[in-house]
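# Residue-level structure breakdown
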Amino acid sequence: MPSILEDPTTRNPPPKAHTDAAPTLTARKITLPKSSSAPMTLYPIIGGPQAVPKDLIKFLHEEFTAEILRGGTYPMEQPMPLDQFADYWFGTFAVLAILDDEGEGLREGRNWESVCLGTFYIKPNYPGRCSHICNAGFLTTTAARGKGVGLAMGEAYLEFAPRLGYTYSVFNLVFANNPASIRIWERLGFSVIGRVPKAARLANSEELVDALIFGRELGS
């Protein structure tokens with residue numbers, strides 16, 4: 001359910017409300033409606049990539065690289081190096097979706113391919129006086145697709161983002177030929193606030209694809 005992405009070489013500093021609230025956020029446990037597996041725990045990551053097991057970052061980097069190379073959902077043509085991905089994804093605020101029936105949490109050495117279901121980040125969409133408007137990037141892992149993980153992470157995003165002080169969410173590039181993402185955002189109350197004609201050269205289309213801009217006010 002990608003919605004990405006701003007320039008990965010830049011970062012807008014989060015507003016003070018984000019900085020103040022982030023340490024107060026705690027893990028959230030949910031049960032997926034389309035899975036018979038253990039409950040999924042959503043872990044907020046506020047300490048940067050240093051707070052994430054290195055083997056988990058490596059796994060997620062491989063998943064993200066594969067998604068980029070498929071060429072149908074993200075605008076980048078070349079994958080990021082591992083260190084750049086780690087800083088880009090986890091440098092501001094992120095959430096990890098982990099199967100956690102035995103309470104092992106974010107322990108180094110877990111079988112991440114089996115227990116890591118996805119991740120998303122939250123960061124300002126604009127700098128300075130507009131930094132209360134956020135965006136997010138989402139990655140559902142290959143093994144977790146079709147289990148309702150994307151919708152569950154979207155619901156968690158709508159919980160975490162206003163608690164970080166954000167009042168509005170913008171998704172800059174939702175490609176018009178990605179109906180799964182569009183259905184999720186519409187179900188979560190987002191609407192199309194703009195359209196960029198022929199925005200993307202995607203591997204899954206012979207024609208240039210429009211990009212939709214989705215927006216939604218965030219609750220308290």
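Quick summary incoming for the structure in this document. (Residues numbered from 1 in each chain as written. Predicted model: local features only at pLDDT ≥ 70, side-chain atom pairs only at ≥ 80, totals over all residues. Heavy atoms only, no water.)

## Some details on helix α2 (residues 54–70)
Taking 1.5 Å of rise per residue, the 17 residues of α2 would be expected to cover 24 Å, and the 25 Å separating its terminal C-alpha atoms lies within 8% of that figure. Along α2, the positions that sit buried rather than exposed are Leu56, Ile57, Phe59, Leu60, His61, Glu63, Phe64, Thr65, Glu67 and Ile68. Against α3 (82–90), β3 (94–99), α4 (112–115), β4 (116–124) and β5 (133–140) lie the buried residues of α2. Looking one or two places after α2, you find glycine 71, whose phi comes out positive at around 75 degrees. (Helix = DSSP H or I, 4+ residues; strand = E, 2+ residues; numbered from the N terminus. Expected span 1.5 Å × (residues − 1). Buried < 20%, exposed > 50% of the residue type's maximum accessible area, 1.4 Å probe, protein only. Contact = heavy atoms within 4.5 Å.)

## A short note on the side chain of threonine 141
Here threonine 141 shows up in the loop between β5 and α5 (149–163). Threonine 141 has contacts with Phe59, Leu60, Glu63, Cys116, Leu117 and Gly118, leaving out every residue within four places of it along the chain.

## Description of the pairing of β5
A large share of β5 lies buried, amounting to eight of its eight residues. Burial along β5 is two-sided: the face carrying Ile133, Asn135, Gly137 and Leu139 and the face carrying Cys134, Ala136, Phe138 and Thr140 are both buried. Both β4 and β5 contribute to a ladder of seven bridges, which runs antiparallel. Bridge assignment links threonine 119 to a residue of β5, and that residue is leucine 139. Note that β5 and strand β6 (residues 168–175) share two bridges and pair parallel. When the sheet's bridge partners are listed, cysteine 134 is paired in β6 with serine 169. Following the chain from β5 across α5 to the adjacent parallel β6, one finds a crossover that is right-handed. (Pairing = 2+ DSSP bridges. Right-handed = clockwise from strand over helix to strand, strands pointing away.)

## Some details on unusual backbone geometry
Even without a glycine there, the phi angle at lysine 198 is positive, about 50 degrees. As for its position among the elements, lysine 198 is in strand β7 (residues 191–200).

## So, the pattern of salt bridges
Scanning the model with the defined rule gives ten salt bridges in all. One salt bridge connects glutamate 104 with arginine 110, and the closest N-O pair in it is separated by 4.0 Å. We classify glutamate 104 as partly exposed; its relative accessible area is 30%. In this structure arginine 110 comes out as buried when scored by relative accessible area, which is 8%. Two residues, arginine 163 and glutamate 159, come together in a salt bridge whose shortest N-O distance is 3.3 Å. Of this pair, arginine 163 and glutamate 159 are both found in helix α5, four residues apart, which corresponds to roughly one turn of the helix. With a relative accessible area of 41%, arginine 163 lands in the partly exposed category. Connected through salt bridges with shared partners, the residues Arg28, Glu159 and Arg163 form a single ionic network. (Salt bridge = Lys/Arg side-chain N within 4 Å of Asp/Glu carboxyl O.)

## Describing the packing of aromatic side chains
This structure, assessed with the given rule, holds 16 aromatic pairs. Geometrically, the ring pair formed by phenylalanine 171 and phenylalanine 190 is stacked, given 5.0 Å between the ring centres and 25 degrees between the ring planes. Here phenylalanine 171 is found in strand β6, whereas its partner phenylalanine 190 is found in the loop between α6 (179–187) and β7, with 19 residues between them in sequence. In terms of burial, phenylalanine 171 and phenylalanine 190 fall into one category: buried. A ring pair is formed by tryptophan 185 and phenylalanine 190, whose centres lie 5.3 Å apart and whose planes are at 70 degrees; its orientation type is edge-to-face. Of the two residues, tryptophan 185 and phenylalanine 190, both sit in the buried class. Between lysine 123 and the ring centre of tyrosine 88, over which it is positioned, the NZ or CZ distance is 3.8 Å. The ring of tyrosine 121 carries lysine 123 above its face, with NZ or CZ at 4.3 Å from the centroid. (Phe/Tyr/Trp six-rings, centres within 6.5 Å; stacked < 30°, edge-to-face > 60°. Lys NZ or Arg CZ within 6 Å of the ring centre and 35° of its normal.)

Keep in mind these values describe shape, not function.
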